[in-house]
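Examination of the molecular architecture
The chain contents come next:
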Amino acid sequence: MDLLGSILNSMDKPPVKDKKERELMQKHKKNFEIIQNHEREKLNHFRKYCEERIGRLIKDPNRNFMEFQPLDKVYRTVVHDVAEIAGLVGMSFGIEGEDRYIVVYKKDHLPCEDEIQARKNGEIWNEETAKEYARKRNERIPVEEVEQKGDRENSMDKETKQKITPQKNYKDKYVHLVGSTSALEAARKTESKQSYGCVPSANKKDIRSIEQTMNDIQAKKKLKTTHNSYDAH
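The present account deals with the structure reproduced in this document. On a predicted model such as this, the values are computed, not experimentally measured, just so you know.

The subject of this paragraph is the pairing of strand S3 (residues 101-105). Summarising burial for S3: five of the five residues are buried, a large majority. Both faces of S3 are covered, namely the face carrying Tyr-101, Val-103 and Tyr-105 and the face carrying Ile-102 and Val-104. Where strand S1 (residues 65-67) lies against S3, three bridges are found, and the strand directions are antiparallel. By the bridge assignment, Met-66 is partnered in S3 with Val-104. Note: strand S2 (residues 89-93) against S3, five bridges, orientation antiparallel. Note on S3: the bridge partner recorded for Ser-92 is Ile-102.

Structural data, given as structure tokens:
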């Protein structure tokens, strides 16, 4: 006998399950399968129930949505799946584990903001609730409009003041230099001219012709050259 065989023979063999234990295990397995089949049947039955209800919603032109009772996550998944296949929209509201439920809407009649907010607040959506939310919304709008109007007016006032208020008084600029009377005269002399800008317009006038100007320049150069030659001697 080899070494491996001797070692295996020396080891304790696993305990053999008796008949009662085997029967008990088989019973548990069977019960588990029964429970699984039962849950599967329940889901299939619930799916058919959802398909029938959603089918009636689609055929009814007077109904735009349908509420389902509070359901756990597995059953809500079935509702969402059936609604999506049917071309509808399912939205969940409520608290998980307490009253979470689904509302299925037709795509061309999705809920307004008031309905969504009301359902999030745990309120039942009906005509009375819709009127109450509309009333509250209408009461808020005038207040917001008044506040916005006031903000616009304040902004306009600031812009107007900025436009009409000069940054500097140019006449006061000359007072500390040449006195009040001289400052006014200087300011008048340097009033803005469209053609010349803010300098005395007389300084911009030159009535000489081009030939006269060139002759004057040549005469000045010749005079300057003569003075330089005298200085050199």
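Structure shown, so let's carry the discussion forward.
A separate point is the packing of aromatic side chains. What the rule picks out here adds up to six aromatic pairs. Between Tyr-49 and Phe-68, the aromatic rings sit 6.5 Å apart at their centres with planes inclined by 90°, giving edge-to-face as the arrangement. Pair noted here: Tyr-49 is in helix H2 (residues 19-59) and Phe-68 is in the loop between S1 and helix H3 (73-85), with a separation of 19 residues, a long-range link. What makes Tyr-49 partly exposed here is its relative accessible area of 30%.

Bringing the nonpolar core into the picture now. Counting residues in hydrophobic clusters, the biggest one holds 15 residues, and the most contacted among them are Phe-46, Phe-68, Val-79 and Val-104. If you list the elements that add at least two residues to this core, you get H2, H3 and S3. In terms of residues, this core owes the most to one element, H3, which gives five residues. Apart from residues lying up to four places away in sequence, Phe-68 is in contact with Tyr-49, Cys-50, Arg-53, Ile-54, Val-79, Tyr-101, Ile-102 and Val-104.

Examined against the element boundaries, Gly-94 turns out to sit in the loop between S2 and S3. Residues in contact with Gly-94, not counting those within four places in the same chain, are Asp-99 and Arg-100.

So, on to H2. With 41 residues, H2 should cover 60 Å at 1.5 Å per step; its first-to-last C-alpha distance of 60 Å lies within 8% of that length. For H2, the complete set of buried residues consists of Phe-46, Cys-50, Arg-53, Ile-54 and Leu-57. Each element contacted by the buried residues of H2 is listed here: S1, H3 and S3.

Moving on, we come to the packing of H2 against H3. Running from amino to carboxyl end, H2 crosses H3 at an angle of 40°, the nearest separation of the two axes being 10 Å. Judged on the interaxial angle alone, H3 and H2 are oblique. By crossing handedness, the relation of H2 to H3 is classed as right-handed. Contacts between H2 and H3 involve Glu-39, Lys-42, Leu-43, Phe-46, Arg-47, Cys-50, Glu-51 and Ile-54 from the first element and Val-74, Tyr-75, Val-78, Val-79, Asp-81, Val-82, Ala-83 and Ile-85 from the second. Across the contact of H2 with H3, the residue classes tally to 11 nonpolar, no polar and five charged.

Spatially, the three strands line up as an open sheet ordered S1-S3-S2, and their pairing is antiparallel. A strand with exactly one partner marks an edge of an open sheet, and here the two such strands are S1 and S2. Direction aside, neighbouring strands of the sheet carry axes that sit 20° apart on average. Running over the sheet, H2 touches S1 and S3 and is turned about 150° from S1.

Turning to the environment of Lys-73, a few remarks are in order. Counting through the fold element by element, Lys-73 comes out in helix H3. For Lys-73, a relative accessible area of 60% translates into the label exposed. Spatially, the C-alpha atoms of Lys-73 and Tyr-101 are 9.5 Å apart, while their sequence positions differ by 28 residues.

A full pass over the atoms with the stated rule returns eight salt bridges. Residues Arg-119 and Glu-115 are paired through a salt bridge, measuring 3.1 Å at the closest nitrogen-oxygen approach. Taken together, the residues Arg-119 and Glu-115, both in helix H4 (residues 113-120) and four residues apart, mark about one turn of the helix. A relative accessible area of 2% means that Arg-119 is categorised as buried. Classification of Glu-115 as buried rests on a relative accessible area of 6%.

Calculation criteria
Residues numbered from 1 in each chain as written. Predicted model: local features only at pLDDT ≥ 70, side-chain atom pairs only at ≥ 80, totals over all residues. Heavy atoms only, no water. Buried < 20%, exposed > 50% of the residue type's maximum accessible area, 1.4 Å probe, protein only. Helix = DSSP H or I, 4+ residues; strand = E, 2+ residues; numbered from the N terminus. Pairing = 2+ DSSP bridges. Phe/Tyr/Trp six-rings, centres within 6.5 Å; stacked < 30°, edge-to-face > 60°. Core = buried A, V, L, I, M, F, W, Y, C linked by side-chain atoms within 4.5 Å. Contact = heavy atoms within 4.5 Å. Expected span 1.5 Å × (residues − 1). Axes fitted to C-alpha atoms, helices over the stretch in contact; angles between N-to-C directions. Parallel < 35°, antiparallel > 145°, perpendicular 65-115°, else oblique. Left-handed = near helix turned anticlockwise from the far one by under 90°. Nonpolar A, V, L, I, M, F, W, Y, C, P; charged D, E, K, R; others polar. Salt bridge = Lys/Arg side-chain N within 4 Å of Asp/Glu carboxyl O.

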